[in-house]
Amino acid sequence: MKGGVSWNSEIDSLMFSVEEHAALCAVHRRAFRTLLGAEPMPADCLAYFARHEPAFRAAAGVKIAQKSLPTGRNFHLTSRDVARTLLELEQNKENDHGTY
């Protein structure tokens, strides 16, 4: 898995490693379709992940905590998981910069 991120065509999902949890996280192409507002190709999904990697990783951490997932258990993120975290990060960024 190059850089901890790859496309798994068997399950039509982007996979990334969550090393501190010793597991893999999957994000299905349908989630990216919702996030991008169009039918994405695997390369589109990988590019979107690269642009927003901190949000995906933060969403993974939230999901692990909320679901009390045991170490080593693989899991998936939904478009809602990612969108919620993107919104929170954007709001925090605006607050940090004093945007009114």
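Refer to the preceding data block for the structure.
All values reported here derive from a predicted model rather than from experimental measurement. All residue numbers refer to positions counted from 1 along the written sequence of the respective chain. Local features in this predicted model are restricted to residues whose pLDDT is 70 or higher, and side-chain atom pairs enter the listing and the counts only when it is 80 or higher, whereas totals over whole chains, interfaces and linings include all residues. Note that water and hydrogens are dropped before the side-chain values are worked out from all heavy atoms of the structure.

## Considerations on the overall build of the protein
The cut-off we apply is this: We count a stretch as a helix when DSSP gives it H or I for four or more residues in a row; a strand needs E for two or more, and each element gets its number in order from the N terminus. In this treatment the radius of gyration is a C-alpha quantity, and the globule benchmark scales as 2.2 Å times the residue count to the 0.38 power. Summary of the burial criterion: residues with accessible area below 20% of their type's maximum are buried, those above 50% are exposed, and those between are partly exposed, where the area comes from a 1.4 Å probe applied to protein chains only. Here, two residues are considered to be in contact whenever any of their heavy atoms come within 4.5 Å of each other. Shrake-Rupley sampling with a 1.4 Å probe provides the accessible areas, and residues are treated as covered by the protein chains on show and by no other component.
For the protein, the helix and strand inventory stands at four helices and four strands. Whereas a compact globule of 100 residues would reach a radius of gyration of roughly 13 Å, the protein reaches 14 Å, a difference of no more than 12%. Across its three principal directions, the C-alpha atoms of the protein cover 45 × 35 × 20 Å. Each of the 100 residues in the protein was classed as buried or not, and the buried ones make up 35%. Of the contacts formed within the protein by residues at least 6 apart in sequence, a portion of 44% connects residues at least 24 apart. When the accessible surface of the protein is totalled, it reaches about 6,300 Å², and 51% of it is carbon and sulfur.

## Digging into the packing of aromatic side chains
Cut-off, in case you're wondering: Any pair of Phe, Tyr and Trp rings, taking the six-membered ring for Trp, is counted once the centres come within 6.5 Å. Such a pair is stacked with planes under 30 degrees apart, edge-to-face with planes over 60 apart, and tilted for the rest.
Scanning the model with the defined rule gives five aromatic pairs in all. Aromatic pair phenylalanine 16 and phenylalanine 49: ring centres 5.0 Å apart, planes at 40°, arrangement tilted. One end of the pair, phenylalanine 16, is in strand 2 (residues 13-18); the other, phenylalanine 49, is in helix 2 (residues 42-51), and 33 residues separate them in sequence. Of the residues examined, phenylalanine 16 reaches a relative accessible area of 0% and is grouped as buried. Centre to centre, the rings of tyrosine 48 and phenylalanine 56 are 6.1 Å apart; their planes meet at 85°, and the pair counts as edge-to-face. Three or more aromatic residues link up through ring pairs in this structure, and these residues are Phe16, Phe32, Tyr48, Phe49 and Phe56.

## With respect to the environment of arginine 80
By the secondary structure assignment, arginine 80 is in helix 4 (residues 79-96). Taking the C-alpha atoms as reference, arginine 80 lies 9.0 Å from threonine 34; in sequence the two are 46 residues apart.

## Examining the nonpolar core
Keep this limit in mind: To define a nonpolar core, start from buried Ala, Val, Leu, Ile, Met, Phe, Trp, Tyr and Cys residues and group those joined through side-chain atoms within 4.5 Å.
Counting residues in each nonpolar core, the largest one holds 21 residues, and the members touching the most others are Phe16, Phe56, Phe75 and Leu77. By residue number, the principal contributor to this core is helix 3 (residues 53-67), which donates four residues.

## Considering the pairing of strand 1 (residues 5-8)
Operational definition: DSSP bridges decide pairing: two strands pair if at least two such bridges lie between them.
Here strand 1 shows a clear split, with Val5 and Trp7 buried on one side and none of Ser6 and Asn8 buried on the other. Looking at chain direction, strand 1 and strand 2 are connected through four bridges and run antiparallel. For tryptophan 7, the partnering residue across the bridge sits in strand 2 and is leucine 14. Connecting strand 1 to the antiparallel partner strand 2 that follows it, the hairpin turn spans four residues, and aspartate 12 within it adopts a positive phi of roughly 55°.

## Overview of the sheet that holds strand 4 (residues 75-77)
Our working definition: An axis is simply a line fitted to the C-alpha atoms; with a helix, the fit covers only the stretch in contact. Between two such axes, the angle follows the N-to-C directions and lies from 0 to 180 degrees.
Strand order in this open sheet of four strands is 1-2-3-4, and the pairing throughout is mixed. The sheet is open, and its two borders are formed by strand 1 and strand 4, each paired with just one other strand. Taking each pair of neighbouring strands and ignoring which way they run, the sheet shows an average axis angle of 35°. Note that strand 2 and strand 3 (residues 23-28) share six bridges and pair antiparallel. From the neighbouring strand, valine 18 faces strand 3, where its bridge partner is alanine 23. The strands touched by helix 1 (residues 29-36) within the sheet are strand 1, strand 2, strand 3 and strand 4, with strand 3 carrying the most contacts at an inclination of about 55°. Across the sheet, helix 3 lies against strand 1, strand 2, strand 3 and strand 4, angled at about 125° from strand 4, the strand it touches most.

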